[in-house]
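Spelled out, the chains give:
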Amino acid sequence: MNCLEFRRHVGAEPSSTEATVGAHRDECPACARYQAEMQAMDRLLGKAMLVDLRPPRVADEGPGPAALRAPSSSRRWLAMAASLVAGVLVAATLWVSYPAPTLADEVIGHAAHEPMSWTAAQPLTPEAVADVLDRSGARLRPGAVTVTFAKRCLFEGHWVPHLVVQTEAGPVTVFLLGHRSVEAATRIEEEGYAAMVLPAPRGSIAVVGHNVSGIDAIARQVLEEVEWEA
Amino acid sequence: MNDDKGDKGRQTRFAALCESLRPDLVRFAFWLARDRALAEDVVQEAMLRAWKSFESLDDEAKAKQWMLTIVRREHARTWERKRLEVTNVDALVEAEAEVLASEDDAAVTEMREALFRLEDDYREPLVLQVMMGYTTGEIATQMGLTQGAVLTRLFRARQKLRAALEGGSPEGER
């Protein structure tokens with residue numbers, strides 16, 4: 001199985017247990033990450049599909065077997081609680097099955113997974129950048145930085161803005177992690193990558209560079225250029 | 001006398017079945033119809049039909065699949081009978097904003113909207129797989145498709161959702 005076949009298969013069945021899928025995943029870190037992303041997206045999909053639909057009003061019901069009435073609210077809550085417990089158990093099982101990478105590890109992994117994003121050289125329009133940032137309640141100060149890549153990525157089950165900002169030291173990847181709060185700044189370096197995660201007014205911000213010096217200062221400067229909605 | 005007992009027992013079993021399956025059936029119908037009121041109508045009508053042909057269900061372990069098939073057909077029938085127009089999706093999203101909104105998770109709300117905007121052909125197999133836990137073979141049977149066609153639809157459905165949720169510029173696309 002090659003990468004294309006793997007992605008087509010996993011894109012249709014993210015939790016596939018086929019041996020050929022497992023074999024390819026074990027030897028291809030990029031595809032392993034792709035599968036993890038697809039599985040995270042499926043968890044989000046599963047939550048999204050569980051819409052809270054009120055039962056019909058008793059007055060609206062016509063004659064027929066009693067079973068056609070909606071379940072009592074206590075039963076509904078019991079069922080929901082049971083689903084929740086089952087979900088938590090599954091998540092906990094998955095969680096303990098894998099060594100937990102740090103947040104900085106995660107952002108480096110994600111940035112490294114998309115090296116093409118660093119090759120984009122054409123500055124994006126402020127509107128294009130705003131379109132990506134809007135739903136996260138953030139914006140860049142006008143003219144503050146040059147953005148050459150902007151899209152929203154699935155990260156830890158949340159859609160987060162993923163930007164590439166051009167700096168004097170070279171391009172850096174910026175993630176606005178509104179869902180993830182950190183208490184203190186964290187820095188990590190591995191295999192030529194340097195990442196800095198800083199507390200932000202909303203969650204945190206992560207900046208990743210490859211063979212870039214002074215990532216601390218760059219990260220703090222980028223943080224200064226982001227405006228956050230109250 | 002014995003017939004009465006038999007009817008009573010049948011009613012009790014059907015009641016229990018409906019009570020346990022109803023939440024999933026309504027959700028399934030909602031994701032098909034994208035309309036809460038219509039979903040309720042479809043499930044109500046489907047349950048009446050199921051009650052009338054309950055004797056034909058020889059294995060109650062297959063009740064969920066059997067009921068889903070009835071809901072699916074009832075939805076198609078309702079669609080045909082009412083000659084529902086394909087409405088502007090923005091209007092559908094707006095009409096069901098209350099159901100789609102998740103108070104504590106913006107990502108869930110965004111995903112629901114994206115799912116609402118997905119074409120029927122892609123949304124239905126995805127719901128059957130993710131929400132109902134169907135295998136691709138079961139989805140193929142349910143939808144009268146080949147397994148290959150189901151796999152293609154599931155793959156494209158996720159690609160479309162990803163693209164919708166990632167947003168951004170063409171330069172930013174993979």
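Rules used throughout
- Residues numbered from 1 in each chain as written.
- Chains lettered and ligands numbered in written order.
- Predicted model: local features only at pLDDT ≥ 70, side-chain atom pairs only at ≥ 80, totals over all residues.
- Buried ≥ 20, exposed ≤ 12 C-beta atoms within 10 Å, placed from the backbone.
- Helix = DSSP H or I, 4+ residues; strand = E, 2+ residues; numbered from the N terminus.
- Pairing = 2+ DSSP bridges.
- Axes fitted to C-alpha atoms, helices over the stretch in contact; angles between N-to-C directions.
- Parallel < 35°, antiparallel > 145°, perpendicular 65-115°, else oblique.
- Left-handed = near helix turned anticlockwise from the far one by under 90°.
- Contact = placed C-beta atoms within 7 Å.
- Nonpolar A, V, L, I, M, F, W, Y, C, P; charged D, E, K, R; others polar.

Undergrad: Any chance you could explain the pairing of strand E2 (residues 146-155) of chain A here in plain terms?
TA: The two faces of the sheet receive side chains in turn, since in a regular strand these alternate between them. Residue and element names in this part refer to chain A. In terms of burial, E2 is a largely internal element, nine of the ten residues being buried. As defined by bridge partners, E2 adjoins strand E3 (residues 158-167) across nine bridges and the pair is classed as antiparallel. Residue alanine 150 lies in a different strand from E3, and its bridge partner there is leucine 163. Two successive antiparallel strands, E2 and E3, enclose a turn made up of two residues, where glutamate 156 displays a positive phi of approximately 50°.

Undergrad: What exactly am I supposed to notice about the environment of Gly143(A) here?
TA: One can find Gly143(A) in the loop between strand E1 (138-140) and E2. Separated by 17 residues in sequence, Gly143(A) and Pro126(A) place their C-alpha atoms 8.4 Å apart.

Undergrad: Is there a simple way to think about the packing of helix H6 (residues 106-117) of chain B against helix H9 (residues 147-166) of chain B in this case?
TA: For any two helices packed against each other, one specifies the crossing angle of their axes together with the interaxial distance. Residues and elements named next belong to chain B. Where H6 meets H9, the axes come as close as 10 Å, and the angle between the chain directions of the two elements is 125°. One way to sum up the angle between H6 and H9 is to call them oblique. Regarding H6 and H9, the two cross each other, and that crossing is right-handed. Contact residues: Glu110, Met111, Ala114, Leu115 and Arg117 in H6; Leu161, Ala164 and Leu165 in H9. For the contact of H6 with H9, a count of residues per class yields six nonpolar, no polar and two charged.

Undergrad: How should I be thinking about the environment of Met1(A) in this particular structure?
TA: Within the element layout of this structure, Met1(A) appears in the segment before helix H1 (3-12). When the C-alpha positions of Met1(A) and Val21(A) are compared, they lie 7.4 Å apart, and in sequence the two are 20 residues distant.

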